[in-house]
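# Architecture at a glance
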There are 2 protein chains.
Amino acid sequence: MERIPILKLSHFLLVTIQVDLNDQLVGELETNLLHMVRKTNAQGVLIDVSGVDTLDSFMGRVMIGNIGRTCKLLGAETALVGMQSAVAITLVQRGLRLRDVQTALNVEKGLELLKGKIAFE
Amino acid sequence: MERIPILKLSHFLLVTIQVDLNDQLVGELETNLLHMVRKTNAQGVLIDVSGVDTLDSFMGRVMIGNIGRTCKLLGAETALVGMQSAVAITLVQRGLRLRDVQTALNVEKGLELLKGKIAFE
């Protein structure tokens, strides 16, 4: 059952991270996500990490960085939502900056953020 | 990272099952889900099983049966969405009936179904 489902919610895609991510899973997720963005003409991608207790450096670097950047190239904004306080602290301590990625407290606020951003542009 | 996140989407709750469920996880999910239904006054619960390749009998019996039934007692409808064909075949072969649970092809159709059902009542 090692596959991360990508759910379509009107013009947005939702991914919830629940499993420990390894290189292969992250790679697959990125590929599948980009495929889905193209297929569904999604305007935004929401990545929910509320189930994630620790964010290792690979996951931080590849997932947050690359996915946000590649989705943007296809015209979709990315929002990282539901981050736990401990993970936020770890990110800051490691000096990781979240470029090309919006953040929000939860899925609902992330959706509002992306809708607002798209309407504004 | 053994915890299944429950996401709130307006009046609905969304759970995506990605990990192999054991007794403890299913029990926790049921408790957390009922707590969230009460806390958020949710009208419906969507359980996405698109990431599930096999549905063992415990998961089928407890999750689909009990969760649907208990949520209904609290006034929330439950929809099981994204079921893979192989899982559907297994359910039928095992003679499992999905009482108190609606089913739909994906999250979007599940949302429509629940909204329609609520509006109709």
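Look above for the structure.
Below: a short report on this structure. All values reported here derive from a predicted model rather than from experimental measurement. (Residues numbered from 1 in each chain as written. Chains lettered and ligands numbered in written order. Predicted model: local features only at pLDDT ≥ 70, side-chain atom pairs only at ≥ 80, totals over all residues. Heavy atoms only, no water.)

Any empty space left between the atoms is revealed when a probe the size of a water molecule rolls over them. Residues and elements named next belong to chain B. According to the stated counting rule, one finds one cavity of 30 Å³ or more in the structure shown. Taken as a whole, the largest cavity holds about 30 Å³ of empty space. Arg 3, Ile 4, Leu 25, Glu 28, Leu 29 and Asn 32 are the residues that line the largest cavity. For the lining of the largest cavity, the per-class residue count stands at three nonpolar, one polar and two charged. (1 Å grid on protein atoms, 1.4 Å probe; cavity = no way out; pocket = protein on both sides within 12 Å on 5 of 7 lines; lining within 4 Å. Points joined across faces, edges and corners; volume = space filled by probe spheres on them. Nonpolar A, V, L, I, M, F, W, Y, C, P; charged D, E, K, R; others polar.)

All right, on to the nonpolar core then. Counting residues in each nonpolar core, the largest one holds 54 residues, and the members touching the most others are Ile 4 and Ile 17 of chain A together with Ile 4 and Ile 17 of chain B. Once residues lying within four places of it in the same chain are set aside, the contact partners of Ile 4 of chain B are Gln 18 of chain A together with Val 15, Thr 16, Ile 17, Val 19, Leu 21, Leu 25 and Leu 29 of chain B. If you look at the next biggest cluster of nonpolar residues, it comprises 22 residues, including Leu 14 and Leu 114 of chain A together with Phe 12 and Ala 104 of chain B. (Core = buried A, V, L, I, M, F, W, Y, C linked by side-chain atoms within 4.5 Å. Buried < 20%, exposed > 50% of the residue type's maximum accessible area, 1.4 Å probe, protein only. Contact = heavy atoms within 4.5 Å.)

Under the criterion given, the structure shown has two salt bridges over all chains. Where Lys 8 of chain A meets Glu 108 of chain B, a salt bridge forms, and the shortest distance between an N and an O atom there is 3.3 Å. Of this pair, Lys 8 of chain A sits in strand 1 (residues 6–9) while Glu 108 of chain B sits in helix 4 (residues 107–120), on two different chains. For Glu 108 of chain B, a relative accessible area of 23% translates into the label partly exposed. (Salt bridge = Lys/Arg side-chain N within 4 Å of Asp/Glu carboxyl O. Helix = DSSP H or I, 4+ residues; strand = E, 2+ residues; numbered from the N terminus.)

Residue and element names in this part refer to chain A. A positive phi angle, close to 45°, is found at Ser 10, a residue other than glycine. Tracing the backbone shows Ser 10 in the loop between strand 1 and strand 2 (12–16). A relative accessible area of 39% means that Ser 10 is categorised as partly exposed.

All right, on to the relation of the copies chain B and chain A then. Superposing chain B onto chain A requires a rotation of 180° together with a translation of 0.0 Å along the rotation axis, leaving an RMSD of 0.0 Å. Taken together, the turn and the small shift mark the pair as related by a two-fold rotation axis. Interface residue correspondence from chain B to chain A reaches 100%, placing this contact among same-surface, isologous pairings. (Least-squares fit on C-alpha atoms with pLDDT ≥ 70 in both.)

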